[in-house]
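Residue-level listing of the chains:
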Amino acid sequence: MIMKEKAKILDKDTIKRSLMRIAHEVLEKNQGTRDICIIGIRNRGAYLARRLADYIAHIEGEDVSVGILDITLYRDDLTLIAPQPVVHKTDIDFDITDKNIILVDDVLYTGRTVRAALDALVDFGRPKSIQLVVLIDRGHRELPIRADYVGKNIPTAENEMIEVRLAEVDGSDEVVIVDRRGS
Amino acid sequence: MLWKRKDLLGLEELSREEIELILDTAESFKDVSRRAIKKVPALRGKTVVNLFYEPSTRTRVSFEIAAKRLSADVINIMSETSSVRKGETLIDTGSNIQALKTDIIVVRHNCSGAAAILARHLDISVINAGDGWHEHPTQALLDILTLKERLGRLEGVSVAIVGDIAHSRVARSNIWGLTKLGVRVTVCAPKMLIPAGIEDLGVRVTHNLEDALKDADAVNVLRMQFERDEKNAFPNQIEYFKNFGITKERLARAKRSIIVMHPGPLNRGVEISSEVADGASSVILEQVTNGIAARMAVLFLVSQAQDNKE
């Protein structure tokens with residue numbers, strides 16, 4: 001397989017602006033921080049969730065609870081995504097019942113990750129609502145799922161991949177389109 | 001690290017990396033048992049058969065709970081109440097279980113190598129839940145998980161295994177696992193209960209309990225299996241307790257931080273005093289809890305290996 005980096009879509013500043021805007025939108029829609037908590041989907045969604053919480057704290061002056069969700073055990077395409085995904089811990093140390101959950105992931109594609117995340121969340125309690133934040137929506141949905149807050153919509157072809165790189169794991173912030181062709 | 005084995009037969013054949021993968025996976029599974037809804041759908045639609053030719057409560061219940069928390073369906077077959085009593089062979093029983101379109105057999109048998117025979121004849125996964133004097137890998141895994149959690153590391157720590165080493169599959173699996181992970185192991189028992197050549201497995205042998213406990217970070221106390229004493233060769237219980245029983249007085253001369261493990265069931269007043277079993281150093285019930293996570297990890301990994309093959 002040949003991977004070719006095609007274009008850089010977002011950089012450090014534009015990622016920050018997108019998340020900052022989403023922070024404002026979340027606060028506007030929920031009328032403040034009351035009853036909201038932020039849960040990121042491992043791996044990169046967890047870092048984005050932390051950042052979003054920091055921006056919200058910066059804007060409102062109030063901390064919100066942040067959790068991390070590992071959805072490995074809930075996937076319906078376990079064997080398709082990787083030879084063997086490693087099971088990590090879910091880390092939600094607060095009650096989600098009657099909360100408005102802001103669910104965060106990096107890329108929305110088929111919708112199967114989000115479907116798994118919804119199943120996992122309802123095993124933890126009955127939230128009042130679940131709202132979805134994604135940094136990138138690349139289309140090609142296979143399930144009736146949509147995001148409530150989107151950093152950037154990027155129409156893509158099936159043979160393209162979106163790579164979200166974050167300083168916390170990858171050393172720097174950027175989003176790139178990668179061309180993937182079978183050799 | 002990729003898990004490729006359809007079976008778990010023992011720790012002897014596993015690499016250090018494979019054992020570490022099971023331990024890491026088990027740590028992640030611990031949190032499932034702490035939730036209000038103690039269940040994840042990872043093994044939904046799979047069937048696990050517990051095939052037990054020897055009496056067992058804790059191991060069978062632990063496997064059953066582990067499988068159910070992964071959403072698998074579980075069937076228990078006890079040899080006393082099955083066709084085994086009519087003379088059916090192990091392989092025939094296994095083939096029938098496979099023909100019922102099940103996915104995993106968890107087998108306990110009094111013959112060493114029984115799990116390996118089944119694994120060789122069947123396409124479905126086989127997990128060894130104890131075979132004769134050979135191995136009891138999930139017990140060793142839960143012991144090691146408990147050690148790692150309590151001591152914070154494994155490399156360089158020192159563990160004493162005290163008791164009937166000769167007849168103990170728990171001891172053998174522990175020795176294979178611990179030595180691969182860089183743990184220093186000392187075995188301690190009366191001469192007749194130490195098998196010849198055990199030093200070749202990389203362990204230190206002593207017949208003096210005080211010597212065994214001196215530098216130990218943990219002591220794993222084995223149950224004296226009097227039901228296996230066919231030749232009447234064991235020391236009597238009082239004599240054994242006097243020389244090898246783990247008591248408060250003996251622990252007072254060991255490291256203050258020493259932890260005490262026991263695979264159960266306990267013979268109070270034979271290999272361990274009640275005071276120690278119920279005392280602050282004891283992690284015996286934590287072992288029981290960790291057994292669920294260790295077995296969930298093994299069930300999950302062998303099931304994944306099967307799915308990847310298809």
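Residues numbered from 1 in each chain as written. Chains lettered and ligands numbered in written order. Predicted model: local features only at pLDDT ≥ 70, side-chain atom pairs only at ≥ 80, totals over all residues.

## A short note on the overall build of chain B
Here is the rule: Only DSSP runs of H or I reaching four residues or more are called helices, and only runs of E reaching two or more are called strands; each is numbered from the N terminus. With C-beta atoms placed from the backbone, the exposure class of a residue follows from how many other C-beta atoms lie within 10 Å of its own: 20 or more, buried; 12 or fewer, exposed; in between, partly exposed. Contact definition: two residues whose C-beta atoms, as placed from backbone geometry, lie within 7 Å.
A count of helical and extended segments in chain B gives 11 helices and 9 strands. Across its three principal axes, chain B shows a C-alpha extent of roughly 55 × 40 × 35 Å. Out of the 310 residues belonging to chain B, those deemed buried represent 48%. Taking the contacts inside chain B whose residues are at least 6 apart along the sequence as the reference set, 75% of them involve residues at least 24 apart.

## Describing the interface of chain B and chain A
Cut-off, in case you're wondering: Side-chain classes follow a simple rule in which Ala, Val, Leu, Ile, Met, Phe, Trp, Tyr, Cys and Pro form the nonpolar group, Asp, Glu, Lys and Arg form the charged group, and the remainder, Gly included, forms the polar group.
Of the residues lining the interface, 14 residues belong to chain B; the matching set on chain A comes to 12 residues. Of all the elements in the fold, those that place two or more residues in the side of chain B that touches chain A are α1 (16-29) and α11 (284-309) of chain B. Grouping the amino acids of the side of chain B that touches chain A by side-chain chemistry returns 7 nonpolar, 4 polar and 3 charged.

## Let's talk about helix α4 (residues 114-121) of chain B
Residue and element names in this part refer to chain B. To keep it simple, the criterion reads: The arc in question is the one spanned by the directions pointing from the helix axis to the C-beta atoms.
When α4 is considered as a whole, its buried residues turn out to be Ala114, Ala115, Leu118 and Ala119. Around the axis of α4, the buried residues are gathered within 135 degrees of arc, so they sit on the same side. Each element contacted by the buried residues of α4 is listed here: α3 (90-99), β3 (104-109) and β4 (125-131).

## Quick look at the sheet that holds strand β4 (residues 100-108) of chain A
All names here are of chain A. Applied cut-off: In this description, strands pair whenever DSSP reports at least two bridges between them. Axis definition: a line fit to C-alpha positions, over the contact stretch in the case of helices; interaxial angles, taken between N-to-C directions, run 0 to 180 degrees.
Reading across the sheet, the 5 strands line up as β3-β2-β4-β5-β6 and stay open at both edges, with parallel pairing between neighbours. Across the chains shown, the open sheet's two edge strands, defined by having one partner strand only, are β3 (65-69) and β6 (149-153). Averaged over all adjacent pairs, the angle separating strand axes in this sheet is 25 degrees, with direction ignored. Bridging between strand β2 (residues 36-41) and β4 involves 5 bridges; their strand directions are parallel. Across the sheet, residue Ile39 finds its bridge partner in β4, namely Leu103. Contacts between helix α4 (residues 112-122) and the sheet are confined to β2, β3, β4 and β5 (129-137), with β4 contributing the most and set at about 155 degrees to the helix.

## Thoughts on the packing of helix α2 (residues 58-69) of chain B against α11(B)
Two measures define how a pair of helices packs: the angle their axes make with one another and the distance between the axes. All names here are of chain B. Short version of the rule: Note on angle classes: values under 35 degrees are labelled roughly parallel, values over 145 roughly antiparallel, values of 65 to 115 roughly perpendicular, and the remainder oblique. Here is the rule for handedness: rotate from the far helix to the near one, and if that takes an anticlockwise turn smaller than a right angle the crossing is left-handed, while a clockwise turn gives right-handed.
Relative to each other, α2 and α11 sit at 55 degrees, their axes nearing to 8 Å. As far as their axial angle goes, α11 and α2 are oblique. For the element pair α2 and α11, the recorded crossing hand is right-handed. Two secondary-structure elements touch here, α2 through Arg58, Ser62, Phe63, Ile65, Ala66, Ala67 and Arg69 and α11 through Val288, Gly291, Ile292, Arg295, Met296 and Leu299.

## A few points about the packing of helix α5 (residues 137-151) of chain B against α11(B)
Residues and elements named next belong to chain B. Two numbers describe how α5 lies on α11: the axes approach to 8 Å, and their chain directions differ by 120 degrees. As the angle between them shows, α5 and α11 are arranged oblique. As α5 runs across α11, the sense of the crossing is right-handed. Counted together, Thr138, Leu141, Leu142, Asp143, Leu145 and Thr146 of α5 and Glu286, Gln287, Asn290, Gly291, Ala293, Ala294, Arg295 and Val298 of α11 form the full contact between these two elements. Classifying every residue of the contact of α5 with α11 by side-chain character gives 6 nonpolar, 5 polar and 3 charged.

## Points about the nonpolar core
Put simply, the test is: Connectivity within a nonpolar core runs through C-beta atoms within 7 Å, and the core itself is a set of buried Ala, Val, Leu, Ile, Met, Phe, Trp, Tyr and Cys residues. Reported domain spans reflect what an automatic or database domain assignment gives.
In this structure, Leu52(A), Val162(B) and Leu299(B) are the most contacted members of the largest nonpolar core, which totals 145 residues. Ranked by the residues each element gives to this core, the list is headed by α11(B), at 11 residues. Here this core spans two domains, since at least three of its residues come from each of domain 1 (16-136 + 289-309) and domain 2 (137-286) of chain B. In this view, Leu299(B) contacts Leu43(B), Val48(B), Ala66(B), Ala67(B), Leu70(B) and Ile104(B); residues no more than four positions away in its chain are not counted.

## Some details on α11(B)
Spelled out, the test is: Expected helix span is computed as 1.5 Å times (number of residues minus one). Note that bend, as reported per residue, equals the angle between axes fitted to the 7 residues terminating at that residue and the 7 residues originating from it.
Between its first and last C-alpha atoms α11(B) spans 38 Å; for 26 residues at 1.5 Å apiece the expected length is 38 Å, and the two agree. Remark: the principal bend of α11(B), roughly 30 degrees, maps to Asn290(B).

## A word on the sheet that holds strand β2 (residues 73-78) of chain B
Residue and element names in this part refer to chain B. Taken in spatial order, the 4 strands make up an open sheet running β2-β1-β3-β4, and their pairing is parallel. Looking at which strands have only one partner, the edges of the open sheet turn out to be β2 and β4. Averaged over all pairs of adjacent strands, the angle between their axes in this sheet comes to 15 degrees, without regard to strand direction. Here 5 bridges tie strand β1 (residues 47-52) to β3, and the two strands are oriented parallel to one another. The partner of Val49 across the bridge, within β3, is Ile105.

## Quick look at the domain arrangement of chain B
All names here are of chain B. By domain assignment, chain B separates into domain 1 (16-136 + 289-309) and domain 2 (137-286). Within the residue set of the side of domain 1 that touches domain 2, elements represented by two or more residues are α1, β4 and α11. Split into classes, the residues belonging to the side of domain 1 that touches domain 2 amount to 9 nonpolar, 8 polar and 5 charged.

## With respect to the pairing of β4(A)
Along a regular strand, successive side chains alternate from one face of the sheet to the other. To keep it simple, the criterion reads: The handedness rule is simple: strands pointing away from the viewer, and a clockwise path from the first strand over the helix to the second, make the crossover right-handed.
Of all 9 residues in β4(A), 8 are buried, a share of seventy percent or more. Read as a crossover between parallel neighbours, the route from β4(A) over α4(A) to β5(A) is right-handed.

## Some points on the environment of Asn290(B)
Residue and element names in this part refer to chain B. With respect to the secondary-structure elements, Asn290 resides in helix α11. A tally of 26 C-beta atoms within 10 Å means that Asn290 is categorised as buried. With 228 residues separating them along the chain, Asn290 and Ser62 place their C-alpha atoms 9.6 Å apart. Apart from residues lying up to four places away in sequence, Asn290 is in contact with Leu142, Leu145 and Thr146.

## Describing unusual backbone geometry
In this model, Arg42(A) is joined to Asn43(A) through a cis peptide bond whose omega is 5 degrees. Mapped onto the fold, Asn43(A) is located in the loop between β2 and α2 (44-60). That bond from Gly264(B) to Pro265(B) is cis: its omega, -10 degrees, falls within 30 degrees of zero. The phi angle at Gln31(A) is positive, at roughly 50 degrees, despite the residue not being glycine.

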